[in-house]
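# Structural features, examined
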Amino acid sequence: MIVLRLALQSLRNRWGTALLTALAIALSIMLLLGVEKVRTGARQSFTDTIAGTDLIVGARSGSLNLLLYAVFRIGNATNNITWDSLQEIAKAPEIAWVVPVSLGDTHRGFRVLGTSVDYFERYKYRRNQALQFSVGKPFADLFDAVIGADVASKLGYKVGDRVVIAHGLGNVAFVEHDDKPFVVSGILAKTGTPADRTVHVSLEAIEAIHVDWQSGGRAAGQGVSADDVRRKNLTPQAVTAAMIGLKSRIATFKVQRAINEYPKEALTAIVPGAALQELWGLVGTAETALSAVSLMVVVTALLGMVTMILTTLNERRREMAILRSVGAGPGTILGLLVSEAAVLVIVGVVAGAALLYAALLMAQPWIDRAYGLYIPISAPTSYELMLLSGIVAAGILAGLLPALRAYRLSLSDGMMVRV
Amino acid sequence: MTFDSVRFAWPGSARFRLSVAEFSLARGERMLLIGPSGSGKSTFLSLLAGIVTPDQGRVSVLGTDLGTLANHARDRFRAAHFGIIFQQFNLLPYASVVDNVVLPLSFSNTRHARAVASGGQVHTEARRLLGRLGLDTASIDGARASSLSVGQQQRVAAARALIGSPELIVADEPTSSLDRGHQMAFLDLLFADLDAAGTSLIMVSHDETLAHRFTRVVRLDDIATIARGVSA
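In this text, all values refer to a predicted model and were calculated from it rather than measured experimentally. (Residues numbered from 1 in each chain as written. Chains lettered and ligands numbered in written order. Predicted model: local features only at pLDDT ≥ 70, side-chain atom pairs only at ≥ 80, totals over all residues.)

## Observations regarding the confidence of the model for chain B
Filter applied, for reference: The predictor's confidence in any single residue is recorded as pLDDT, a number from 0 to 100.
Looking at chain B as a whole, its pLDDT mean stands at 82, while 95% of the residues score no less than 70. Across the assembled chains, the prediction reports ipTM 0.85 with pTM 0.75.

## Quick look at unusual backbone geometry
All names here are of chain B. Threshold: Numbering of helices and strands starts at the N terminus; helices are DSSP runs of H or I of at least 4 residues and strands are runs of E of at least 2.
The backbone phi angle of leucine 62 is positive, close to 55 degrees, even though this residue is not glycine. You can see leucine 62 is positioned in the loop between strand S4 (56-61) and strand S5 (64-65). One non-glycine residue, serine 165, lies in positive phi territory at about 45 degrees.

## Topic: the sheet that holds strand S9 (residues 216-219) of chain B
All names here are of chain B. Rule in force here: Pairing between strands requires that DSSP locate at least two bridges from one strand to the other. To define axes, lines are fitted to C-alpha atoms, for helices over the stretch in contact only, and angles between the resulting N-to-C directions are given on a 0 to 180 degree scale. Contact between two residues is assigned whenever their backbone-derived C-beta positions fall within 7 Å.
In spatial order, the strands read S6-S7-S8-S3-S9; together these five strands make up an open sheet with parallel pairing. This sheet does not close on itself; its edge strands, each paired only once, are strand S6 (82-85) and S9. Each strand axis lies, on average, 15 degrees off the axis of its neighbour in the sheet, ignoring direction. Note: strand S3 (residues 30-34) against strand S8 (residues 200-205), five bridges, orientation parallel. Along S8, the bridge assignment pairs leucine 33 with valine 204. This element, helix H7 (residues 150-162), spans S6 and strand S7 (168-172) of the sheet and lies at about 170 degrees to S6.

## Here we look at the pairing of S6 of chain B
One face of the sheet, then the other: side chains in a regular strand alternate in exactly this way. All names here are of chain B. Spelled out, the test is: Buried, partly exposed and exposed are defined by the number of other C-beta atoms within 10 Å of a residue's own C-beta, namely 20 or more, between the two limits, and 12 or fewer respectively, with C-beta atoms placed from the backbone.
Where burial is concerned, the two faces of S6 agree: the one with Phe82 and Ile84 and the one with Gly83 and Ile85 are both buried. Of the strand pairs in this sheet, S6 and S7 are connected by four bridges, and their pairing is parallel. Looking at the pairing, phenylalanine 82 lines up with leucine 168 of S7.

## Quick look at the pairing of strand S1 (residues 55-59) of chain A
Residue and element names in this part refer to chain A. The buried fraction of S1 amounts to five of the five residues, a majority that puts the element mostly inside the structure. Note: S1 against strand S16 (residues 241-246), four bridges, orientation antiparallel. Paired with valine 57 across the strands is alanine 242, a residue of S16. Pairing analysis gives four bridges linking S1 to strand S17 (residues 267-270), with the strands arranged antiparallel. Counted as the bridge partner of isoleucine 56 is isoleucine 270 from S17.

## Describing helix H2 (residues 71-81) of chain B
The complete set of buried residues in H2 of chain B reads Arg74, Asp75, Arg78, Ala79, Ala80 and His81 of chain B. On its buried face, H2 of chain B is in contact with S4, S6, helix H4 (109-119) and S7 of chain B.

## Notes on the packing of helix H2 (residues 15-49) of chain A against helix H10 (residues 272-313) of chain A
Residue and element names in this part refer to chain A. Short version of the rule: Every angle not falling under 35 degrees, over 145, or within 65 to 115 is termed oblique; those three ranges are roughly parallel, roughly antiparallel and roughly perpendicular. Gly counts as polar in this scheme, as do all residues outside two lists: the nonpolar Ala, Val, Leu, Ile, Met, Phe, Trp, Tyr, Cys and Pro, and the charged Asp, Glu, Lys and Arg.
The interhelical angle for the contact between H2 and H10, taken along N-to-C directions, is 175 degrees, at an axis separation of 8 Å. Judged by the inter-axis angle, H2 sits roughly antiparallel to H10. Of the residues in the contact of H2 with H10, the class split is 17 nonpolar, eight polar and three charged.

## Side note on the packing of H7 of chain B against helix H8 (residues 180-197) of chain B
All names here are of chain B. Our working rule: Crossing handedness follows the turn of the near helix against the far one: under a right angle anticlockwise gives a left-handed crossing, and clockwise gives a right-handed one.
Two numbers describe how H7 lies on H8: the axes approach to 11 Å, and their chain directions differ by 15 degrees. For the element pair H7 / H8, the angle class is roughly parallel. Read as a crossing pair, H7 and H8 show a hand that is right-handed. In contact with Gly151, Gln154, Arg155, Ala158 and Leu162 of H7, H8 contributes His182, Phe186, Leu189, Leu190 and Asp193. Classifying every residue of the contact of H7 with H8 by side-chain character gives five nonpolar, three polar and two charged.

## A few points about the interface of chain B and chain A
At the junction of the two partners, chain B supplies 23 residues and chain A supplies 19 residues. For the side of chain B that touches chain A, the secondary-structure elements that each account for two or more residues are helix H1 (41-48) and H2 of chain B. If you tally residues by element for the side of chain B that touches chain A, the top one is H2 of chain B, at six residues. Its residues assigned to classes, the side of chain B that touches chain A shows 13 nonpolar, seven polar and three charged.

This is the structure in structure tokens:
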């Protein structure tokens, strides 16, 4: 008790350096926990993006590639699936539903997704939550569009506004489907998934705006008016990918194999969870490197603390002699210095965690907006608590270094240090 | 307190050896130990207080052979029976005056009990002693030890040595950093308290003019032989 009290008083006496040392530890802890939070947050946000879908089917490609472009709208499809193949696959008795998606156009930097109305019911995120409309309703008319929350807030769109879709994926588009504008029919509630940044239209609409297009450009003098196009057959020729729901999960691998071996077209079917695992395997090295760097920063901070205590040791030999003279054993001296280290580390760790949570509270909405990364503010996980206790233990262990030196000094000095 | 055929050398230093054939101090004695700087006084005091143990021979205090005690037991023993005052820089600079005074009580239940018996509460007892030593407790109570003058610090150190009535006070030139007037005042106050408790005192000094105030004056040269090797 007296030891802890003396340690606290001694630290208070050197509050400037003590504060800086604790601050260095706190910042390193903040970094370490921050990396951990972002890492798990990013994983969670990826995992949360796709739920309730058993298989994703697309043209033959790597499973990661398919997952990234079909679900996360990252990268481009290498090829399409023909509508006929999709229809034929959908007939399999194990399949409960198929939601086709068609990508390739943009609206002012946001991807345009052609799909069926089922999408709003079948697409699930974050523990099987369905999409909710904050305003409006799904598309009913050919030129209706449903926009994600981010699209609405960034572009300031309301239900009833007109939207012109650009061809291709560039942020700045030179060729626009401006002869066939869309009308916003609904705005989705915020989900924290790519749906927030997507303009949803019907598959037929995608077909309609491309009706008079040939090889990526509008054929001159062949314009088909928006009214004329309604009378055409707008059944799509091909789609980019499709989400498939099964009646029973047991059939997953059977159906997957059947699609992968589909004779008429080279297709790939992936299980989203398995493809995500592949993704983690890929980014795992980077994650490990990031964690290692932040851990090294913690080690640096602890070394700083040891240095701080060691440098004060010589000027404190007098203090040790006084303590020895009033009956403190060398063990007490050891305890005093270890306590100082323990106090610094514990204060540093607690302050670091507090700083991180404070920073998260302030920056969470901004990170969500800017990066679409939703970092949940939750109590530290058992892994994080283990990590923090490990650091406290390491700090106390490091504190033994100067403490053992003081122990030896106090043995050899006795009470005889002249200052 | 007795020394019996004591020989001691600091570990790792073959050049300095202290031998004391025989020396004793009776209870209640007030002894002035005279020796110039570097004459082995501090080594002598370290042996006496059980900070170090002799290589040969015995140092006994209150009938206990310090050499037979385990290290931590010797620390306890020192806490219980010794009050030690250094030449200067006696106090933990970061602790308050009162905390400095009650410091030994944390290491000895005996002295803690005695201090409580005398003052009711350890802090009350500390203030009482400070008051008796002529310090205005109201003004220095919570003050940091480092903010006091040297004379005040020495008196706080005396209060720390006296609290809980240890049997033996060891003072290593406690007045050498004070001017003459303050030296006398300090000794007056210290002696008044020793009388009250019947405590023995060994005070080291190189100043023989203080001799008349002690019951016994001993020159370190007379009781101890210092052997110095040739420096390499």
